[in-house]
Amino acid sequence: MKRLLITVAIAVLCSACQTVPTAAQQAEKQAAAAAEQAKSEIAKAAAANYAADSTLIPFEKMNGKLTPVGEAQLDLLLPDLKTAKSIIIRGHCYRNDIGNAKAAAQARAAAVRQYLLMADIPSSKITVRFDTERPLHGVRLLVSN
């Protein structure tokens, strides 16, 4: 009987106890939440770009690297791009804004081309061009079905 009472008392005490997460566990949880929030914001921005003009992938004015938003927008376009007969990638950089606009426009187009190649789109479908006349900083995709 005494053992039974001790066992019941221990069980009641243990069930009332809650484990408090450690600082590392809390930090991990916060980091995961922040990463999920960032993913959500990127997806929203990509969807907004896609809705405004699905064929224009924006780039930062002084950068030739593809942004996470641009990658997400390309991911939205991939089903159409995979079935396309040909894809023209036209890199844009306004020559009045940047000194070597031609190189920047080519770098932007090359970044998008590389992303499409990594997504298993054959290089035979892809043509790369550049434009420095229009006041755009991005890449326009022209798709032929």
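Residues numbered from 1 in each chain as written. Predicted model: local features only at pLDDT ≥ 70, side-chain atom pairs only at ≥ 80, totals over all residues. Heavy atoms only, no water.

A. Representation of the pairing of strand S4 (residues 137-144) within the structure. By the bridge criterion, 3 bridges tie strand S1 (residues 56-58) to S4 in an arrangement that is antiparallel. Across the sheet, residue proline 58 finds its bridge partner in S4, namely glycine 138. Pairing analysis gives 8 bridges linking strand S2 (residues 86-93) to S4, with the strands arranged antiparallel. Considered in S4, the bridge of glycine 91 is made with valine 139. (Pairing = 2+ DSSP bridges. Helix = DSSP H or I, 4+ residues; strand = E, 2+ residues; numbered from the N terminus.)

B. The arrangement of the packing of helix H3 (residues 68-83) against helix H4 (residues 101-118) in detail. Closest axis-to-axis distance for the H3/H4 pair is 11 Å, and the angle between their directions is 55°. When the interaxial angle is binned, H3 and H4 end up oblique. Crossing handedness for the pair H3 and H4: right-handed. Across from Glu71, Leu74, Asp75, Leu78 and Leu81 in H3, the residues of H4 making contact are Val112, Tyr115 and Leu116. For the contact of H3 with H4, the class distribution of residues is 6 nonpolar, no polar and 2 charged. (Axes fitted to C-alpha atoms, helices over the stretch in contact; angles between N-to-C directions. Parallel < 35°, antiparallel > 145°, perpendicular 65-115°, else oblique. Left-handed = near helix turned anticlockwise from the far one by under 90°. Contact = heavy atoms within 4.5 Å. Nonpolar A, V, L, I, M, F, W, Y, C, P; charged D, E, K, R; others polar.)

C. Structural context of the pattern of salt bridges. One pass over the full model with this rule turns up 2 salt bridges. Of the charged contacts in the structure, one is a salt bridge between glutamate 133 and arginine 95, with a shortest N-O distance of 3.2 Å. Taken together, the residues span a long stretch of sequence, with glutamate 133 in the loop between strand S3 (126-131) and S4 and arginine 95 in the loop between S2 and H4 at a distance of 38 residues. With a relative accessible area of 48%, arginine 95 lands in the partly exposed category. Taking the shortest distance from any N to any O, the salt bridge between aspartate 131 and arginine 134 comes out at 2.1 Å. (Salt bridge = Lys/Arg side-chain N within 4 Å of Asp/Glu carboxyl O. Buried < 20%, exposed > 50% of the residue type's maximum accessible area, 1.4 Å probe, protein only.)

D. Just unusual backbone geometry, in detail. You will see that aspartate 120, though not glycine, has its phi angle at about 65°, which is positive. Inspection of the secondary structure assignment puts aspartate 120 in the loop between H4 and S3. Taking the relative accessible area as the measure of exposure, aspartate 120 reaches 65% and is therefore exposed.

E. Looking closely at the environment of proline 58. When you line up the elements, proline 58 lands in strand S1. Of the residues examined, proline 58 reaches a relative accessible area of 30% and is grouped as partly exposed. In sequence terms proline 58 and valine 139 are 81 residues apart; their C-alpha atoms lie 6.5 Å from each other.

F. Main features of the pairing of S3. Pairing between S2 and S3: 6 bridges, direction parallel. Paired with arginine 90 across the bridge in S3 is arginine 129. Once the chain exits S2 it traverses H4 before rejoining the sheet at S3, and the crossover so formed is right-handed. (Right-handed = clockwise from strand over helix to strand, strands pointing away.)

G. The confidence of the model for the protein, seen in detail. Chain-level statistics for the protein give a pLDDT mean of 81 and a share of 83% at 70 or above. Of all the helices and strands in the protein, helix H1 (residues 2-16) carries the lowest mean pLDDT, 69, while S2 carries the highest, 91. (pLDDT = per-residue confidence, 0-100.)

H. Highlighting the nonpolar core. Among the nonpolar cores identified, the biggest contains 19 residues, and Ile57, Leu74, Leu81, Ile89, Val112, Leu116 and Leu141 are the most heavily contacted of them. Residue assignment for this core shows that the elements contributing at least two residues are H3, S2, H4 and S4. Residues in contact with leucine 116, not counting those within four places in the same chain, are Leu74, Leu78, Leu81, Ile89, Ile121 and Ile126. Cys93, Ile98, Ala101 and Ala104 belong to the second-largest nonpolar core, a separate cluster that totals 5 residues. (Core = buried A, V, L, I, M, F, W, Y, C linked by side-chain atoms within 4.5 Å.)

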